[in-house]
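Report on the structure
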Amino acid sequence: MSKETEKQRWQRNFADLLQELRVAQTGVQILFAFLLTLPFSNGFTRTTAFQKDVYVVSLLAAAAATALIISPVAFHRALFRQGRKPELVRFAHRMATGGLAFMLISMVSAVLLITDFVLDRPIAFVISALTGIWFLTFWALLPFARRNWGDDDIDDEDDDPRPSAID
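Since this is a predicted model, take the numbers as computed values, not measurements.

1. As for helix H4 (residues 121–145)
- Across its 25 residues, H4 extends 33 Å between first and last C-alpha, which sits within 8% of the 36 Å expected from 1.5 Å per residue.
- At threonine 137, H4 shows its maximal bend, which comes to roughly 45°.
- Buried residues of H4: Ala124, Ser128, Thr131, Gly132 and Phe135, and no others.
- Summarising the contacts, the buried residues of H4 are in contact with helix H3 (85–118).

Rendered as C-alpha cells:
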C-alpha cells in the first residue's frame, strides 16, 4: 500500500469533513424549519414570555449553526483552485465545531421550549439538562476520551504482511 502525499491527505480530510457536514446540515435544517414554522401554529399564542425567549434562543442558535455548517462550502468557492486546501480544512474544522456547538444550544433550547410547554418547569429543566448531557457525552466527552482509540490498530495494520482487500 502506498503512502498518501500531504496534498492527498488534505484532500481526504476535506472530503471526510464535507461528508460529516452533510449529516449535520440535514439535522440542523430540519430543526430550523420546525422552528421557523412554530410561531404560525395555533398553540404558539399560549406560550409564556419565558417560552418565547427560549424559542428565540433556539431559533437564533439554529440560524447560527446553519450559517457555520454551510460556510465551508462558500469558503471553498472563494478559494477554489488556489492551492489552499490546508487553510480550507482548518477553517472548515473550526466552522463545523462551532456549528455543532450552536446546534447543541438550539436542540437543548427546543427541548426546553417543548417540555416547558407541556410539563412543569422544574421537570422541563431536568429533562433539558439531561438532553444537554446526553449530547455532550456523544459529541464531546466520548470522542475526546477516545481520540487515540485505534492507534494501535493502525500500527498493527502496517505490520500485517497479508494483503488486504483495499491493496
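Read on for the rest.
2. Examining the UniProt feature "transmembrane region" (unreviewed entry) in the protein chain
- On the UniProt side, "transmembrane region" (unreviewed entry) is annotated at positions that read residues 21–42, 54–75, 96–117 and 123–142 here.
- With 77% helix and 0% strand, the stretch residues 21–42 has end C-alpha atoms that lie 34 Å from each other.
- With 100% helix and 0% strand, residues 96–117 has end C-alpha atoms that lie 31 Å from one another.

3. Digging into the packing of helix H1 (residues 6–37) against H3
- Interhelical geometry of H1 versus H3 gives an angle of 25° and a closest axis separation of 10 Å. On the basis of their axis angle, the class for H1 and H3 is roughly parallel. The interaxial crossing formed by H1 with H3 has left-handed handedness.
- Partitioning the contact of H1 with H3 into residue classes produces 19 nonpolar, five polar and two charged.

4. Digging into the pattern of salt bridges
- Throughout the structure, instances matching the rule amount to one salt bridge.
- Ionic pairing is found between aspartate 116 and arginine 121, a salt bridge with its closest N-O pair at 2.9 Å.
- Classification of aspartate 116 by relative accessible area gives buried; the value is 7%.
- Its relative accessible area of 33% is what places arginine 121 among the partly exposed residues.

5. What to know about a nonpolar patch on the surface
- Among the surface-exposed residues, Phe34, Ile114, Phe117, Val118, Leu119, Ile123 and Ile127 lie close enough to one another that they form a single nonpolar patch of about 560 Å² accessible area.
- At the level of secondary structure, the elements contributing two or more residues to the nonpolar patch comprise H3 and H4.
- It is H3 that provides the largest number of residues to the nonpolar patch, a total of three residues.
- Tracing the chain through its elements places phenylalanine 117 in helix H3.
- Exposure remark for phenylalanine 117: the relative accessible area of 36% places this residue in the partly exposed category.

6. Concerning the nonpolar core
- If you look at the biggest cluster of nonpolar residues, it comprises 13 residues, and the most contacted ones within it are Phe14, Leu17, Leu21, Val28 and Ile69.
- Within the residue set of this core, elements represented by two or more residues are H1, helix H2 (49–79) and H3.
- Element by element, the count of residues in this core is highest for H1, at six residues.
- Discounting chain neighbours no more than four positions away, the residues touching valine 28 are Ala62, Ala65, Thr66, Ile69 and Met103.
- Counting 12 residues, the second-largest nonpolar core is a separate cluster that includes Leu31, Phe44, Val54 and Leu59.

7. Some points on H1
- In this model, H1 (32 residues) spans 46 Å end to end at C-alpha, consistent with the 46 Å of a helix rising 1.5 Å per residue.
- For H1, the full list of buried residues reads Trp10, Phe14, Leu17, Leu21, Ala24, Val28, Leu31 and Leu35.

8. Side note on the side chain of aspartate 116
- Its location among the elements puts aspartate 116 in helix H3.
- A polar atom in the side chain of aspartate 116 sits 2.9 Å from the side chain of arginine 121.
- Among all residues touching aspartate 116, those that are not within four sequence positions of it are Thr48, Phe50, Gln51, Arg121 and Ala124.

Rules of the game
- Here the residue index of a chain counts from 1 through its sequence in written order.
- The predicted origin of the model limits local features to residues at a pLDDT of at least 70 and limits the giving and counting of side-chain atom pairs to 80 or more, whereas totals for whole chains, interfaces and linings rest on all residues.
- Excluding hydrogens and water, the side-chain figures rest on all heavy atoms present in the structure.
- Helical segments are the DSSP runs of H or I of at least four residues, strand segments are the runs of E of at least two, and each set is numbered from the N terminus.
- An expected span of 1.5 Å times one less than the residue number is assigned to each helix.
- A residue's bend is simply the angle between two axes: one fitted to the seven residues ending at it, one to the seven starting at it.
- Exposure categories follow from relative accessible area, calculated using a 1.4 Å probe and restricted to protein chains: below 20% of the type maximum is buried, above 50% is exposed, and the middle band is partly exposed.
- Note on contacts: a residue pair is in contact if any heavy atoms of the two residues lie within 4.5 Å.
- UniProt positions are given in the numbering used here, feature names are shortened, and annotations may be inferred rather than shown by experiment.
- Here the axes come from fitting lines to C-alpha atoms, over the contacting stretch only for helices, and the angles between their N-to-C directions go from 0 to 180 degrees.
- To sort the angles, those under 35 degrees are grouped as roughly parallel, those over 145 as roughly antiparallel, those from 65 to 115 as roughly perpendicular, and the leftovers as oblique.
- In this scheme, a crossing is called left-handed if the near helix is turned counterclockwise away from the far one by less than a right angle; it is called right-handed if the turn is clockwise.
- Under the scheme applied, nonpolar residues are Ala, Val, Leu, Ile, Met, Phe, Trp, Tyr, Cys and Pro; charged residues are Asp, Glu, Lys and Arg; polar residues are all the others, including Gly.
- Whenever Lys or Arg places a side-chain nitrogen within 4 Å of a carboxyl oxygen from Asp or Glu, that contact is recorded as a salt bridge.
- Patch membership needs two things, relative accessible area over 30% and no salt bridge, and members are linked within 9 Å if like-charged or within 5 Å if nonpolar (Val, Leu, Ile, Met, Phe, Trp, Tyr).
- Only the protein chains shown count as cover for residues, and the accessible areas themselves come from Shrake-Rupley with a 1.4 Å probe.
- Residues enter a nonpolar core if they are buried and are Ala, Val, Leu, Ile, Met, Phe, Trp, Tyr or Cys, with the set joined through side-chain atoms within 4.5 Å.
- N or O atoms closer than or at 3.5 Å make up a polar contact, with two conditions inside protein: a donor-capable atom paired with an acceptor-capable one, and, for residues adjacent in sequence, both atoms drawn from side chains.

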